Amino acid sequence: MEMVVTGQEEVKPFNVDWLKSVRGCSQLVLKPQTTAEVSQVLRYCHEKNLAVNPQGGNTGLVGGSVPVFDEIILSTALMNQIISFDKVSGILVCQAGCVLERLNEYLEEQGFIMPLDLGAKGSCHIGGNVATNAGGLRLLRYGSLRGTVLGLEVVLADGSALNCLTSLRKDNTGYDLKQLFIGSEGTLGVITAVSILCPQKPKAVNVAFLGCRSFAKVLETFTTCRAMLGEILSAYEFMDEKCMEVVERHLKLSSPVADSPFYVLIETSGSNSTHDEEKLNNFLEQAMASGLVTDGTMLWSLRERITEALTHEGYVYKYDISLPVAKLYDLVTDMRARLGHSAKNVVGYGHLGDGNLHLNVTADSYSHSLLDAIEPFVYEWTARCSGSISAEHGLGFKKKQFIQYSKPHEAVVLMQQFKAMLDPKGILNPYKTLPSAP
Ligand SMILES: O=C(O)CC[C@@H](O)C(=O)O
Ligand SMILES: [Zn+2]
């Protein structure tokens, strides 16, 4: 177990993001095992004015998890211990470097699951998930990490440890400081441990995959679905036909239903399989949709592996937008019309049930002129609808200059004041999240 990594080749994978679109040139990776070691590292770096890039599983999509220059990389890879799990309350306490999928496996053995699930589960760390406030595929059912994370332990820029690792459902004693660190992308402190509320593993899970002939039909089906499935609905995801083409072409998966302009994946999670199946079948009848219902693994991979399939196209420009659900797909249509043949593909998919669109534009390789055609158009479009330019991926390095499209000036100034208070020397994940001075 190497706790200090140096040497150009060894450090390389830590310097580049998963998309291979951002690259730093750090020469040092430190892998502490304990909170005390994280404290030691930060105390030293603070004293010597050394910049630090906290890194979890390095699966982020906005360049937040890799250094911009030669920041010291502080990896949570060796902080992977489960501290406790209470089977009565369902509260898990663990170190920040636990891999999401490992946690889920551990919990499943005890009849529970993690309240979040995402495509990168095999490598992402829970600390990174919390620092990003990652949303994922179960948010519709179990809510965001702002609700399920009950406590955090954080090491601040000067090395002092802040113990807010409580495991209480209710706690109104003063300001809820942990919320400041959730979604702060490692710019305010390094999350070292997490206390999280986990739901019971549902006894019956069903997945249905439907083809829809228009986006209006996708919306109508969502309304019907909420009315008829009620409390057992656990995911409502959509993808357009372009996504399906890309998944079929690059991953050799095939659509389980007839070719359609749109596809919808619906998951139900409940406690009574007969009851759930009856509800699902009644819904399918009502929606007059020819759908396929199975236990889900194959259907989920069609949706979860879109990101992976898109990387085979060449360069991918990624947008993670929150919008009023009725307008969600108009952005894709407008972008497609705007870009014409200058883009290889313009695809839309995402967490429809959460009002979250993933708009991805692909091209053979990166081009500045294509970027100029997309941005700031995409952000202006989003701002006009009072949407968010980052629903669940964060701002990181790539989106930080666009924060003003979703936040008023006063809010950004207040954020900068928090940053200055908690990290006066600016050593924590510099050049990320907040805009640099003009
Ligand atoms: O690659 C993307 O743009 C989205 C990734 C992820 O948030 C998903 O929902 O699949
Ligand atoms: Zn997503």
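Residues numbered from 1 in each chain as written. Chains lettered and ligands numbered in written order. Predicted model: local features only at pLDDT ≥ 70, side-chain atom pairs only at ≥ 80, totals over all residues. Heavy atoms only, no water.

Trainee: Explain the coordination of the zinc ion (ligand 2) residue by residue, including any values.
Mentor: Only His351 (NE2), His358 (NE2) and Glu392 (OE) from the protein reach the zinc ion (ligand 2) as donors, at distances of 1.9 to 2.1 Å. Donor residues for the zinc ion (ligand 2) sit on one chain with the sequence pattern H-x6-H-x33-E. For the pair formed by His351 and His358, the shared burial category is buried. (Donors = N, O, S within 2.8 Å, 3.2 Å for Na, K, Ca; no water. Buried < 20%, exposed > 50% of the residue type's maximum accessible area, 1.4 Å probe, protein only.)

Trainee: Which residues make up unusual backbone geometry, and what values go with them?
Mentor: Here the residue pair Glu375 and Pro376 is connected by a cis peptide bond, since its omega of 5° sits within 30 degrees of zero. Within the secondary structure, Pro376 sits in the loop between helix H14 (368–374) and helix H15 (377–384). (Helix = DSSP H or I, 4+ residues; strand = E, 2+ residues; numbered from the N terminus.)

Trainee: How would you summarise a nonpolar patch on the surface if you had to cite specific residues and measurements?
Mentor: Judged by side-chain polarity, Phe69, Phe397 and Tyr431 come together as a nonpolar surface patch covering roughly 280 Å² of accessible area. Here Phe397 is to be found in the loop between H15 and helix H16 (409–422). (Patch = residues over 30% accessible without salt bridge, like charges linked within 9 Å, V, L, I, M, F, W, Y side chains within 5 Å. Areas by Shrake-Rupley, 256 points an atom, 1.4 Å probe, with all protein chains shown as cover. Salt bridge = Lys/Arg side-chain N within 4 Å of Asp/Glu carboxyl O.)

Trainee: Mind laying out the pairing of strand S3 (residues 52–55), listing which residues take part and the relevant values?
Mentor: With burial as the criterion, each face of S3 is covered, one bearing Val52 and Pro54 and the other bearing Asn53 and Gln55. As defined by bridge partners, S3 adjoins strand S4 (residues 72–75) across four bridges and the pair is classed as parallel. Counterpart to Gln55 in the pairing with S4 is Ser75. (Pairing = 2+ DSSP bridges.)

Trainee: Which residues make up the UniProt feature "domain: FAD-binding PCMH-type" (unreviewed entry) in the protein chain, and what are the values?
Mentor: UniProt's feature table lists "domain: FAD-binding PCMH-type" (unreviewed entry) at residues 22–201, given in the numbering used throughout. Along residues 22–201 one finds 23% helix and 22% strand; the C-alpha atoms at either end are 38 Å apart. (UniProt positions renumbered as here; feature names shortened; annotations may be inferred.)

Trainee: Let's hear about the sheet that holds S3: which residues, and what values?
Mentor: Spatially, four strands are ordered S1-S2-S4-S3 in an open sheet, and the strand pairing comes out mixed. On the outer flanks of this sheet lie strand S1 (4–5) and S3, each paired with one strand and no other. Contacting S1, strand S2 (29–30), S3 and S4, helix H1 (residues 8–15) runs over the sheet at an angle of about 70° to S4. The sheet strands contacting helix H2 (residues 35–48) are S2, S3 and S4, and the helix crosses S4 at an angle near 165°. (Contact = heavy atoms within 4.5 Å. Axes fitted to C-alpha atoms, helices over the stretch in contact; angles between N-to-C directions.)

Trainee: Summarise the site of ligand 1; cite the residues concerned and give the values.
Mentor: Lining the immediate environment of ligand 1, one finds Leu61, Arg303, Thr307, Lys318, Tyr349, His351, His358, Asn360, Glu392 and His393. Between an oxygen atom of ligand 1 and a side-chain N or O atom of Tyr349, the distance comes to 3.1 Å. Taking Asn360, its side chain carries an N or O atom lying 3.3 Å from an oxygen atom of ligand 1. Elements supplying a minimum of two residues to the shell around ligand 1: strand S15 (345–351) and strand S16 (356–363). For the shell around ligand 1, the class distribution of residues is two nonpolar, five polar and three charged. (Near = heavy atom within 4 Å. Polar contact = N/O pair within 3.5 Å; in protein donor to acceptor, adjacent residues only side chain to side chain. Nonpolar A, V, L, I, M, F, W, Y, C, P; charged D, E, K, R; others polar.)

Trainee: Can you break down empty space enclosed by the protein residue by residue, with the values?
Mentor: Tallying each qualifying case throughout the model produces two cavities of 30 Å³ or more. Volume-wise, the largest cavity comes out at about 50 Å³. Residue composition of the lining of the largest cavity, grouped by class: four nonpolar, three polar and three charged. Forming the walls of the second largest cavity are Pro115, Leu116, Ala134, Gly135, Arg138, Leu139, Gly143, Ser144, Leu145 and Thr148. Its residues placed into classes, the lining of the second largest cavity shows five nonpolar, four polar and one charged. (1 Å grid on protein atoms, 1.4 Å probe; cavity = no way out; pocket = protein on both sides within 12 Å on 5 of 7 lines; lining within 4 Å. Points joined across faces, edges and corners; volume = space filled by probe spheres on them.)

Trainee: Before we move on, can you summarise the sheet that holds strand S8 (residues 161–164) with the specific residues and values?
Mentor: With respect to topology, five strands assemble into an open sheet ordered S5-S6-S9-S7-S8, the strand pairing being antiparallel. Looking along the sheet, the strands with just one partner apiece sit at the ends: strand S5 (82–86) and S8. Adjacent strand axes in the sheet meet at a mean angle of 10°, parallel and antiparallel pairs treated alike. When strand S7 (residues 149–155) meets S8, the two strands line up antiparallel, connected through four bridges. Along S8, the bridge assignment pairs Val155 with Ala161.

Trainee: Tell me about the side chain of Asn15, and please be specific about residues and values.
Mentor: Within the element layout of this structure, Asn15 appears in helix H1. Look at Asn15 and you get buried, because its relative accessible area is 7%. At a separation of 2.9 Å, a polar atom in the side chain of Asn15 contacts the main-chain amide nitrogen of Ser26. Apart from residues lying up to four places away in sequence, Asn15 is in contact with Val22, Arg23, Gly24, Cys25, Ser26, Val66, Pro67 and Ile73.

Trainee: Requested: an account of the layout of surface pockets, with residues and values cited.
Mentor: Size it by volume and the second largest pocket reaches roughly 890 Å³. Forming the boundary of the second largest pocket are 36 residues, of which Arg146, Ile182, Gly183, Lys407 and Met415 lie nearest the centre. The set of elements that each furnish at least two residues to the lining of the second largest pocket consists of helix H7 (178–181) and H16. In terms of residues, the lining of the second largest pocket owes the most to one element, H16, which gives five residues.

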